[in-house]
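Letter by letter, the chains look like this.
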Amino acid sequence: MINAVLVFNNNGQPRLTKFYTQLDTAVQQRLLSEIFALVAARPNSACNFLPLPPLLAPPTGSSTASEQNDAPSLVTYRHYATLYFILISTSTESPLALLDLIQVFVEALDRLFENVCELDLIFNFETLHAVLGEMIVGGVVVETGLEKVVEGVKAQGRVAKRPVNEGRVGLTQGIWAGR
Amino acid sequence: MFEKDIYQLIRGLRSHKGNEREYIQDSLRECRREIKSQDMDHKATALMKLVYLEMFGHDMSWASFNVLEVMSSPKYIQKRVGYLAAVQSFRPDTEVLMLAENLLKKDLNSPDKVTIGLPLGAIPHVINASMANSLLTDLIPRLSHSLPAIRKKTIVTLYRLALVYPETLRPAWPKIKDRLLDENEDPSVTAAIVNVVCELGWRRPQDFLSLAPRLFELLTAGGNNWMAIKIIKLFSTLTPLEPRLVKKLLPPLTSIIKTTPAMSLLYECINGIIQGGIMEAAEGTTDGDEVARLCLSKLRAMLVVEGDPNLRYVALLAFAKITSSHAELVSQHQDVILECIDDADISIRTRALDLVVDMINANNLQTVVERLLKQLRTAGKAPEPTDPTTEDRGTHDGIVPRADEDDEEMQASIRPKEQKPNTAPPLPDDYRTSVIERILEMCSRATYAHMSDFEWYIGVLVDLVKQCPSSPATGNFGSHHTTASKDRPPNVADAVGAELLNVAVRVKAVRPDAAAAAQNLLSSDRRPDFFPSAGSGGQAVLASAAFIAGEYASLLPDAEAVLTSLLQSSASTQQLQASVLASYLQALPKLFAVLTTRDPHAPWTSTRRTTTMLLIARIVHFLEPLTLHPDLDVQERAVEYLDLMRLAAEAAASQQTDDDEESGGGGSSYAAEPPLLLTQAIPSLFSGMELNPVAHAALRKVPQPEGLDLAAPINGSLQMLLRQADDYDTDTDEANDEVYKFYYDKPSSSVAAGYQRPAAELLEPPTSASKSKAASASYQDAETEPLDREAAERKRAERRERYKDDPYYIDSERASGTSTPTPMHNILRSSSNGEELDVDAIPVMELQLDSKDIPAAPRAPSANDKKKKRPRRHFEIAGDETLEGGDDMPSVSSSASLSSKATAGARGTKKPSLLEVDSSGLSALSLSDDAAARSGATGRFDVERRQAEEEEMARAIREVERLRLEMQRAQERIQPRGALAEEGVVVTRKKVRKKKKVDTLSEEPAAAAADDDDGEEGGTAVKKKRRKKRKEGGEDSVASEKPAADERDSEVPVKPKRKKKRQVTFDDDDTVE
């Protein structure tokens, strides 16, 4: 299952934090900065899997495989322009499929905001949560279809754009690089 | 007052560059005020702002009650904010959770479909065991909601319910299963169910075997890649239980591998084939062979493909899973895997490294190690350990939302953009460390089974020293916390040193090489080569090097140079760790002994005397300052050897040389002998039996001598002695001595009294006995001393008798018989404490003897023997020594069971990983059909039964209440005010008043009327009673279910007790309805 979803920008400032276990705010922040430290050190050519940050590193000493299945063992990330999207998950998830999931998430945002940029997410973090809520409930993926996710969010009410005077609308439409 | 909305807050943050902290504190204060406002809009806005700030680490747990208030708002927009706040801020210890339960139930049953989604999303975050049970009854009906979106969320929520309270899955599972089997179900709901089943599957795969046909159908139908991946993952846990599945699965999996355009699905197919054991199961069949070939070729292609490091990464993961079962298949792809060791990406490198360690054999060991070494050499070391706290803003204080640098960047559309340089960063220290550890692991595996060239290995080890990452915080010199140096975390340089030592000890043939390597490492003029940076990462290796140099001093190319280097290190002692220094100290006298006895037959000339004296003087010069070293170990050794050296100097100075005798005109014709202290006594301290590796478990196998009672006090009067020692301390004025004063509180310290004692005593190892002896000698304790000596003498005689025929036992007399008696030895032997020395020596000596008799190696005895005989390798590797015995296996297994017990214990108390959601509760819950049927036969499900009971109870209570009201009305109508039927009047009136209070509006115009009527109607109490009874009987026959207790109550209507009861039932009624 998925243990946490994080979004932060190139400076490590969080834009979305969602933990599927109840965690102390201070611990959340520490985890966030540990992961940011890891991810910021990687060149763009590197692969999209991170080693476990110290907070999540398994305790020394062997434990059986079945126990490891419950513990988070996979940190997957994707980097889009100014934002990092991070998924922390257990071994029951497929690493490559998680990358696709992030892609769906971002595409859904793009669909809702029309050429989404970081500012949209800053001002509409409630919508960001709503999109995530349509895709993942309680750490289990409930929807991977782009159309259905967008539909689900739209059913909850109008999606606000960011305030108009907050700068120009995003740059030119481009093609999503998918894997 | 309402200050600003969320947009304004964010804008404010963005515009307050530099003083964000202040701005946030202001905003938080504002929120605290606003959230108390009566206006729900203000409340919700304040909450929204708090949620935003919470993301940056500003605690909002204080607002949990306000969260609840907003959650219960009738407006969806506000409710949504409340739920979001609950999800983000509720923690296990949030107390208002109990109050939220009813709200969640209410919203789950909301007619508005959007509202239902809110609790469904929030419950997984806040659920606990006590809530789970009561929410279950509201969740299950949602499984058949008309909207697929609600159905799928319900399924997942039920799964999270089961994680905290497994029993809840029992009533829910059949319904979920029906949904899965329903072919007309919405595909996205089916996919969600498959996701949940996959999560459940690995815990109890046997329960899901019955679903295999349906899952197979879904897999072959295709369409949803995510679901297909999950099904394959689920199947890989099922195949071990149902071998027939393998045959069934092979064709579709093969076709997916061949046809799918989705790389993730392709990969998971291969992964599923590996993990499900399909490869082994299908081995030998044509299909199986084909699939194995197909998988490996695809994996290989993934490794080779350009431009996608992710594929390389996951392919290595898959390879790592195959190695355990198909090592030979994997090693066919060695070439590409080895390429990955040099990948620019450290994640990939680490994976490759893990894999390579398992692939190593005698043929490729050197290539791989050379490759890794080259990598270490060429990649620059990480910049001097920078404190991450200074680098990353807010590593420890949390992240402060900063005013954003430039809006331009933020407006950049979020799409992949090459931004950062693609150059590989310098190797981080932990990677460096792990490479070194892996090299050591590969080389030393199975007692050097793959090693064919030890000279090369020593070269590698010396090279590795240079590559050790610099470790911060060395040299706790000056700090009086002496234990710190021993407690410091093991350094990788220690491991390298240990390997060097291990090779030197085990492989006789390369000892000269090892000694030469040690000399190089120690040599002070080559220091900059090996330990270039200020960080002393590799320095820990010096301890081992010094030991080798000391122990094999005779093999050193230039012992004198080593001695000089060691002595020169005094200039840099400030940099050396105490443990290294202690090792230096131990090596010094060994080197000295070798240097002075290099030519045993050389005459004792004045030149030789001068050289010796000079050597001693240099050593003394080195040792003297160290007697005040803060580390006790260093200090003790320094003090001991300092006195030894002074003794040697005395002996050398007083010994007549050749020249002296000639000039003195003595008639002796033979050449003068060098002093025995130098030629015999000192070397005999360090030579003797050769050191051999000892198995870890060997000590445990040493038989316990009969009659050895470890619990018995060694010296019965120890307490008294200590007390006397204390008294003595406080009484004497010797404490004026500065050194003494320094150690005032440590009377047992070896320096305290050590200076003026006879050398013989200093030569004794500092056993507890010698200490007590020292204490008694210096403190003039005549009382206990003879007693002790007598007892020791007696014990010694006894022991000698007992062990007379024991080959394992080395008697001090017998052992020392091998060396010529010298004055020194006489002193040693005549000392009453010589005996105690033997006690300490027993295990070591035993093992030594044993090794001659029994060539048993504990780890892999047969392999070891084979190795020794193998002709192509001319290296002889000494195996670990251990005691022989029939209990070899049992003791091994007992140690294994011990360790397994230890891990079991550790597991029991193991702290779960930070984000872990524990699902272990599910493993005990059986969901299989027959289990369900069984529990169905014995009765209804627990939850359902309880629910039915509750309903029945509510019905009964309503009924009773209705009857009573009726009765009351009748009674009031009948009862005349004038009929002062004793107690009846008072009670009736009270009753009426009470009633008015409880429900004023609903029914009591009638009651009021009755009240008025009371006086006019002239009925009697008797009449009233009779009437009531009649009525009661009639009702009874109708409502047969009414509980007896209530019946009794209504029969005796006029009792204060009943009134109380009535009120209670009213309350109940309210909540039920």
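Residues numbered from 1 in each chain as written. Chains lettered and ligands numbered in written order. Predicted model: local features only at pLDDT ≥ 70, side-chain atom pairs only at ≥ 80, totals over all residues. Heavy atoms only, no water.

Labelled according to an unreviewed UniProt entry, chain B appears under the name AP-3 complex subunit delta, originating from Oleoguttula mirabilis. The UniProt entry for chain B carries this comment under Function (unreviewed entry): "Part of the AP-3 complex, an adaptor-related complex which is not clathrin-associated. The complex is associated with the Golgi region as well as more peripheral structures. It facilitates the budding of vesicles from the Golgi membrane." Taken directly from UniProt, the Sequence similarities (unreviewed entry) text for chain B runs: "Belongs to the adaptor complexes large subunit family." (UniProt positions renumbered as here; feature names shortened; annotations may be inferred.)

(A) Structural context of the overall build of chain B. Secondary structure assignment for chain B yields 55 helices and zero strands. By residue count, 48% of the 1073 residues in chain B fall in the buried class. The long-range share in chain B, meaning contacts at least 24 apart out of those at least 6 apart in sequence, stands at 74%. (Helix = DSSP H or I, 4+ residues; strand = E, 2+ residues; numbered from the N terminus. Buried < 20%, exposed > 50% of the residue type's maximum accessible area, 1.4 Å probe, protein only. Contact = heavy atoms within 4.5 Å.)

(B) Spatial organisation of a negative patch on the surface. A grouping of Asp24(A), Asp59(B), Asp93(B) and Glu95(B) is seen on the molecular surface, where their side chains present a negatively charged patch. With respect to the helices and strands, Asp93(B) occurs in the loop between α5 (76-89) and α6 (97-108). (Patch = residues over 30% accessible without salt bridge, like charges linked within 9 Å, V, L, I, M, F, W, Y side chains within 5 Å. Areas by Shrake-Rupley, 256 points an atom, 1.4 Å probe, with all protein chains shown as cover. Salt bridge = Lys/Arg side-chain N within 4 Å of Asp/Glu carboxyl O. Lys, Arg positive; Asp, Glu negative; His and termini not counted. Charge placed at Lys NZ, Arg CZ, Asp CG, Glu CD.)

(C) Molecular detail of the pattern of salt bridges. Residue and element names in this part refer to chain B. A full pass over the atoms with the stated rule returns 33 salt bridges over all chains. Residue Arg179 is joined to Glu185 by a salt bridge in which the shortest nitrogen-to-oxygen separation is 2.8 Å. We note that Arg179, like Glu185, is buried. Note that Glu441 is salt-bridged to Arg438, the shortest N-O span being 3.9 Å. With Glu441 and Arg438 both in helix α25 (residues 429-448) and three residues apart, this pair spans about one turn of that helix.

(D) Layout of the pairing of strand β1 (residues 2-9) of chain A. All names here are of chain A. With eight of eight residues buried, β1 is to be regarded as a mostly interior element. The pairing of β1 with strand β5 (residues 83-89) spans seven bridges and is classified as antiparallel. Across the sheet, Asn9 pairs through a bridge with Leu83, a residue of β5. In this structure, β1 lies alongside strand β2 (residues 14-19), joined through five bridges in antiparallel fashion. Looking across to β2, one finds that Val7 is bridged to Leu16. Taking the residues between adjacent antiparallel strands as the criterion, β1 and β2 are bridged by four residues, where Gly12 takes a positive phi near 85 degrees. (Pairing = 2+ DSSP bridges.)

(E) Representation of the nonpolar core. By size, the foremost hydrophobic cluster in this structure holds 279 residues, and its most contacted members are Tyr52(B) and Tyr457(B). Top element by residues in this core is helix α3 (residues 95-113) of chain A. It accounts for 13 residues. Composition of this core by domain shows at least three residues from each of domain 1 (1-95) and domain 2 (597-663 + 671-687) of chain B. Excluding residues that lie within four positions of it along the chain, Tyr457(B) makes contacts with Leu440(B), Cys443(B), Tyr448(B), Met451(B), Glu499(B) and Val503(B). Listed in part, the 18 residues of the second largest apolar core include Leu23(A), Leu31(A), Leu50(A) and Leu55(A). (Core = buried A, V, L, I, M, F, W, Y, C linked by side-chain atoms within 4.5 Å. Domains from an automatic or database assignment.)

(F) Spatial organisation of the confidence of the model for chain B. Residues and elements named next belong to chain B. Looking at chain B, pLDDT values average 68 and 60% of them are 70 or higher. A low-confidence stretch, residues 978-1022 (pLDDT under 50), is modelled with 54 contacts involving residues beyond four sequence positions or located in other chains. Confidence drops under pLDDT 50 across residues 1032-1073; counting only partners more than four residues distant or on other chains, this segment forms 52 contacts. What the predictor reports for the complex is a pTM of 0.63 with an ipTM of 0.90. (pLDDT = per-residue confidence, 0-100.)

(G) Here's a closer look at the sheet that holds β5(A). All names here are of chain A. An order of β2-β1-β5-β4-β3 is seen for the five strands of this open sheet, with the pairing classed as antiparallel. Each edge of the open sheet is held by one strand with a lone partner, namely β2 and β3 (49-50). For β3 and strand β4 (residues 74-80), the ladder comprises two bridges, and the chain directions are antiparallel. Bridge pairing in β4 links Phe49 to Thr76.

(H) Highlighting the pairing of β5(A). Residue and element names in this part refer to chain A. Among the seven residues in β5, seven count as buried, and that is most of the element. Burial along β5 is two-sided: Leu83, Phe85, Leu87 and Ser89 facing one way and Tyr84, Ile86 and Ile88 facing the other are all buried. Where β4 lies against β5, seven bridges are found, and the strand directions are antiparallel. For His79, the partnering residue across the bridge sits in β5 and is Tyr84. In sequence, β4 turns back onto β5 through a hairpin of two residues, with Ala81 there showing a positive phi of about 45 degrees.

(I) A look at the environment of Gly12(B). Of note, Gly12(B) is situated in helix α1 (residues 6-15). Along the chain, Gly12(B) and Ile24(B) lie twelve residues apart, while their C-alpha atoms are 9.4 Å from each other.

(J) Highlighting the environment of Leu588(B). Residues and elements named next belong to chain B. Tracing the sequence through the fold places Leu588 in helix α33 (residues 578-596). Residue classification places Leu588 among the buried positions, given a relative accessible area of 1%. Separated by 31 residues in the primary sequence, Leu588 and Ile619 place their C-alpha atoms 7.8 Å from one another. Leaving out residues up to four positions away in the same chain, Leu588 has contacts with Leu563, Leu566, Leu567, Phe622 and Leu623.

(K) Representation of the packing of helix α35 (residues 632-654) of chain B against helix α37 (residues 676-686) of chain B in the model. Residues and elements named next belong to chain B. One can describe the packing of α35 onto α37 by two numbers: an axis separation of 11 Å at closest approach and a directional angle of 160 degrees. Judged on the interaxial angle alone, α37 and α35 are roughly antiparallel. Within the contact between the two elements, α35 uses Tyr641, Leu644, Leu647, Ala648, Ala651 and Ala652 and α37 uses Leu677, Leu678, Ile682, Leu685 and Phe686. Tallied by class, the residues present in the contact of α35 with α37 amount to eleven nonpolar, no polar and no charged. (Axes fitted to C-alpha atoms, helices over the stretch in contact; angles between N-to-C directions. Parallel < 35°, antiparallel > 145°, perpendicular 65-115°, else oblique. Nonpolar A, V, L, I, M, F, W, Y, C, P; charged D, E, K, R; others polar.)

(L) Summary view of helix α15 (residues 263-275) of chain B. Taking 1.5 Å as the rise per residue, α15(B) with 13 residues should run 18 Å; its terminal C-alpha atoms sit 18 Å apart, in good agreement. With eleven of 13 residues buried, α15(B) is to be regarded as a mostly interior element. For α15(B), the set of buried residues is Ser264(B), Leu265(B), Leu266(B), Tyr267(B), Glu268(B), Cys269(B), Ile270(B), Asn271(B), Gly272(B), Ile273(B) and Ile274(B). As for α15(B), its buried residues are in contact with α3 of chain A together with α13 (225-238), α14 (244-259), α16 (278-281), α17 (286-304) and α18 (309-323) of chain B. The first or second residue beyond α15(B) is Gly277(B), which carries a positive phi of 70 degrees. (Expected span 1.5 Å × (residues − 1).)

(M) Spotlight on helix α2 (residues 20-34) of chain B. Residues and elements named next belong to chain B. For α2, with 15 residues, the first-to-last C-alpha span of 20 Å sits near the 21 Å given by 1.5 Å per residue. Looking at α2, one finds that the buried residues are Glu20, Tyr23, Ile24, Ser27, Leu28, Glu30, Cys31 and Glu34. Considered in projection along α2, the buried side chains sweep an arc of 165 degrees and stay on one side of the axis. Where α2 is buried, its residues touch α1 and α3 (40-54). (Arc of directions from axis to C-beta.)

(N) Structural detail: the confidence of the model for chain A. Residues and elements named next belong to chain A. Residue-level pLDDT values for chain A average 80, and 83% of them are 70 or greater. The model gives residues 61-66 a pLDDT under 50, and that stretch makes four contacts with residues more than four places away or in other chains. Scored below 50 in pLDDT, residues 166-179 makes 42 contacts in the model with residues more than four places away or belonging to other chains.

(O) View of the side chain of Ser583(B). Residue position: Ser583(B) is located in helix α33. For Ser583(B), the residues in contact, after removing those within four places along its chain, are Ala543(B), Ala546(B), Phe547(B) and Arg637(B).

(P) Broad picture of the packing of aromatic side chains. Counted under the stated rule, the structure contains ten aromatic pairs over all chains. Ring plane angle 15 degrees and centroid distance 4.7 Å describe the contact between Phe49(A) and Tyr313(B), whose orientation is recorded as stacked. Placement of Phe49(A) in strand β3 and of Tyr313(B) in helix α18 is noted, with the two residues assigned to different chains. Residues Phe85(A) and Phe105(A) carry aromatic rings whose centres are separated by 5.8 Å and whose planes lie at 85 degrees to one another, so their mutual orientation is edge-to-face. With Phe85(A) in strand β5 and Phe105(A) in helix α3, this residue pair connects regions lying 20 residues apart in the sequence. The rings of Phe8(A), Phe36(A), Tyr77(A) and Tyr84(A) are connected pair by pair, giving a single aromatic cluster. (Phe/Tyr/Trp six-rings, centres within 6.5 Å; stacked < 30°, edge-to-face > 60°.)

(Q) Representation of the packing of α1(B) against α2(B). All names here are of chain B. Their axes nearest at 9 Å, the elements α1 and α2 cross at an angle of 160 degrees. It follows that α1 is roughly antiparallel to α2 by the angle criterion. The chirality of how α1 crosses α2 is right-handed. Two secondary-structure elements touch here, α1 through Gln8, Leu9, Gly12 and Leu13 and α2 through Glu20, Tyr23, Ile24 and Ser27. Residue composition of the contact of α1 with α2, grouped by class: four nonpolar, three polar and one charged. (Left-handed = near helix turned anticlockwise from the far one by under 90°.)

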